[in-house]
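A closer look at the structure
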Amino acid sequence: MPALPVPALFALAILALGILVVAIGLAVSIGEMAIPLGTIAKAVGNRLLGTGFTISPIQEGIIWDYRLSRSLAAACCGAALAMSGAILQALLRNPLAEPYVLGISAGASTGAVAVMIAGLGGGALSMSGGAFTGAIIAFTLVCALAAGTGGLTGTGAERIILAGVAGSQLFSALTSYIVTTSANAEQARGVMFWLLGSLGGIRWPDVGLAAPVAIGGFAIAILHARALDAFAFGVDAAVALGIPVTRVRLILFGLTAAMTATMVSIVGSVGFVGLVVPHAARFLVGPGHMRLLPVSFMIGAVFMVLADIVSRIVVPQQILPIGVVTALFGAPAFAFILYKARRRL
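Please read all numbers here as calculations on a predicted model, not as lab measurements.

So, about the overall build of the protein chain. Tallying secondary structure elements over the protein chain gives 14 helices and zero strands in all. Mapped from its N terminus to its C terminus, the protein chain presents α and β elements in the order α-α-α-α-α-α-α-α-α-α-α-α-α-α. In terms of overall size, the protein chain behaves like a compact globule, its C-alpha atoms giving a radius of gyration of 21 Å where 345 residues would be expected to give roughly 20 Å. Along the longest, intermediate and shortest principal axes, the C-alpha atoms of the protein chain span 65 × 60 × 35 Å. The burial tally for the protein chain puts 49% of its 345 residues in the buried class. Here the analysis covers contacts within the protein chain between residues at least 6 apart in sequence; of these, 74% occur between residues at least 24 apart.

Relative to the 28 Å expected for 20 residues at 1.5 Å per residue, helix α8 (residues 204-223) spans 29 Å between its end C-alpha atoms, a close match to the ideal helical length. Where the residues of α8 are buried, they touch α3 (57-91), α9 (225-231), α11 (245-267) and α13 (289-313).

Quick look at the state of the cysteines now. This model, assessed by the stated rule, comprises zero disulfides. Here cysteine 76 is not cross-linked by a disulfide; its sulfur's nearest cysteine counterpart is in cysteine 77, at 8.8 Å. For cysteine 76, a relative accessible area of 13% translates into the label buried. Under the relative-accessibility criterion, cysteine 77 is labelled buried at 1%.

Turning to the nonpolar core, a few remarks are in order. Generally speaking, soluble globular proteins have nonpolar side chains that are buried together. The biggest cluster of nonpolar side chains holds 89 residues, and the ones touching the most others in it are Ile87, Leu102, Phe231, Phe253 and Val270. Counting residues per element, this core draws most heavily on α3, at 19 residues. With near-sequence residues (within four places) excluded, isoleucine 87 lies in contact with Ala221, Leu228, Leu252, Leu255, Thr256, Met259 and Leu293. Core analysis: the next-biggest nonpolar cluster, separate from the first, contains six residues, Val113, Ile178, Val179 and Val191 among them.

With that settled, consider a nonpolar patch on the surface. Where nonpolar side chains cluster on the molecular surface, the patch consists of Ile137, Leu141, Leu170 and Leu174 and spans about 340 Å² of accessible area. Those elements giving two or more residues to the nonpolar patch turn out to be α5 (127-148) and α6 (157-182). Within the secondary structure, leucine 174 is located in helix α6. Classification of leucine 174 by relative accessible area gives partly exposed; the value is 36%.

Attention now goes to the packing of aromatic side chains. Applying the stated criterion to the full structure yields two aromatic pairs. The interplanar angle of 35 degrees and the centroid separation of 5.0 Å between the aromatic rings of tryptophan 64 and tryptophan 204 together place this pair among those described as tilted. Separated by 140 residues along the polypeptide, tryptophan 64 in helix α3 and tryptophan 204 in helix α8 bring together distant segments of the chain. Note on phenylalanine 218 and phenylalanine 297: the rings are 5.2 Å apart at their centroids and 55 degrees apart in plane angle, and the pair reads as tilted. Placement of the pair is phenylalanine 218 in helix α8 and phenylalanine 297 in helix α13, with a sequence separation of 79 residues. With a relative accessible area of 26%, phenylalanine 218 lands in the partly exposed category. Here phenylalanine 297 falls in the buried class, since its relative accessible area comes to 16%.

Taken as a whole and judged by the stated rule, the model has three salt bridges. Residues arginine 47 and glutamate 60 are paired through a salt bridge, measuring 3.4 Å at the closest nitrogen-oxygen approach. Here glutamate 60 lies in helix α3 and arginine 47 lies in helix α2 (residues 37-48), a separation of 13 residues in the sequence. Owing to a relative accessible area of 41%, arginine 47 belongs among the partly exposed residues under this scheme. Note that aspartate 308 and arginine 312 form a salt bridge whose closest N and O atoms lie 3.5 Å from each other. In this pair, aspartate 308 and arginine 312 both sit in helix α13, four residues apart, roughly one turn of the helix. Across this residue pair, the class does not change: aspartate 308 and arginine 312 are buried.

Right, let's get into the environment of leucine 275. Assignment of secondary structure puts leucine 275 in helix α12 (residues 273-285). Spatially, the C-alpha atom of leucine 275 lies 33 Å from that of serine 182, the residues being 93 residues apart in sequence. Excluding its chain neighbours within four sequence positions, the residues that come into contact with leucine 275 are Gln89, Pro95, Leu96, Ala97, Glu98 and Phe334.

Two quantities define a packed helix pair, namely the angle between the axes and the distance from one axis to the other. Between α2 and α3, the shortest axis-to-axis distance is 10 Å and the interhelical angle comes to 80 degrees. Compared by their axis directions, α2 and α3 come out roughly perpendicular. From α2, Thr39, Ile40, Ala43, Val44, Asn46, Arg47 and Leu48 reach across to α3, where they touch Gln59, Glu60, Ile63, Trp64, Asp65 and Leu68. Residues that form the contact of α2 with α3 fall into these classes: seven nonpolar, three polar and three charged.

Once that is clear, we can look at unusual backbone geometry. The backbone of arginine 93 sits at a positive phi, close to 50 degrees, despite the residue not being glycine. By the element assignment, arginine 93 lies in the loop between α3 and α4 (104-116). Its relative accessible area of 51% is what places arginine 93 among the exposed residues. One non-glycine residue, phenylalanine 272, lies in positive phi territory at about 75 degrees. Tracing the backbone shows phenylalanine 272 in the loop between α11 and α12.

Thresholds, definitions, all that
Residues numbered from 1 in each chain as written. Predicted model: local features only at pLDDT ≥ 70, side-chain atom pairs only at ≥ 80, totals over all residues. Heavy atoms only, no water. Helix = DSSP H or I, 4+ residues; strand = E, 2+ residues; numbered from the N terminus. Rg over C-alpha atoms; globule rule 2.2 N^0.38 Å. Buried < 20%, exposed > 50% of the residue type's maximum accessible area, 1.4 Å probe, protein only. Contact = heavy atoms within 4.5 Å. Expected span 1.5 Å × (residues − 1). Disulfide = S-S within 2.5 Å. Core = buried A, V, L, I, M, F, W, Y, C linked by side-chain atoms within 4.5 Å. Patch = residues over 30% accessible without salt bridge, like charges linked within 9 Å, V, L, I, M, F, W, Y side chains within 5 Å. Areas by Shrake-Rupley, 256 points an atom, 1.4 Å probe, with all protein chains shown as cover. Salt bridge = Lys/Arg side-chain N within 4 Å of Asp/Glu carboxyl O. Phe/Tyr/Trp six-rings, centres within 6.5 Å; stacked < 30°, edge-to-face > 60°. Axes fitted to C-alpha atoms, helices over the stretch in contact; angles between N-to-C directions. Parallel < 35°, antiparallel > 145°, perpendicular 65-115°, else oblique. Nonpolar A, V, L, I, M, F, W, Y, C, P; charged D, E, K, R; others polar.

The following block contains the structure:
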């Protein structure tokens with residue numbers, strides 16, 4: 001696909017940003033208490049610009065303290081997971097690669113459960129802190145296993161995938177062991193809800209963590225777009241183009257691990273975003289990562305925000321886990337993409 005001129009790229013970026021803003025506006029507006037978009041704009045203006053619009057304190061509290069932070073965190077999560085999926089599919093040359101292939105989700109689940117149920121950390125660790133710690137431990141173990149078999153430095157990307165599968169099974173077993181031996185019925189229900197993804201406890205400090213990670217991760221990934229294009233053709237092609245294979249692999253694997261661990265520690269495990277969105281973006285703009293990464297970023301952000309809206313309205317007076325919604329929409333979408341691109345995959 002030929003490169004677009006700069007004005008066209010700028011226009012597309014403005015359009016994508018506008019779509020994301022509209023999606024976030026709808027997410028803040030829709031709920032058990034419907035709030036007009038004009039009221040939302042006034043509440044944001046009062047907080048950020050010091051305007052003196054008169055609005056209901058209840059509405060302002062719902063907008064600022066609950067829905068807006070929730071929507072922004074959802075956007076950051078979707079963007080980071082989608083980018084991670086695009087990066088891993090190029091590094092591993094596997095269309096089924098996604099952010100949890102490195103055992104990060106399973107490790108985060110074990111860490112969260114260990115804090116929530118087993119009381120690990122003696123109260124010094126929050127559940128999010130335990131999830132992040134577990135994710136990093138799992139990633140470290142998977143990397144050590146992959147390095148021992150030459151997966152990080154050699155041409156055998158499948159060894160990294162196998163190491164990730166082994167790590168995922170190990171930490172999933174540890175999570176199940178802790179839940180079955182230590183949790184009561186209420187704790188087990190809470191764990192299950194978290195494992196399926198939850199945006200219910202999101203507050204502004206979570207946004208303050210998620211946004212820099214997502215934006216910083218995007219900047220680092222764009223700087224390595226050329227290397228990702230080379231990796232998509234194999235390690236030998238990357239070497240021939242002068243790409244320092246080992247160093248770039250370690251940077252990008254570390255980047256995906258940091259983004260995924262951060263997002264999982266905030267919202268729990270959310271499936272299909274990192275698997276489906278890169279394929280949808282690739283279907284729209286082609287395989288070049290200078291286009292693929294920004295489009296994946298924006299589609300992932302919008303998809304998660306819309307999924308959050310659905311999770312809050314599909315069942316009256318009940319909020320579904322966000323991972324249930326992404327799977328219900330992601331699985332058919334992935335099947336459709338596979339069918340349309342069956343000659344190219």
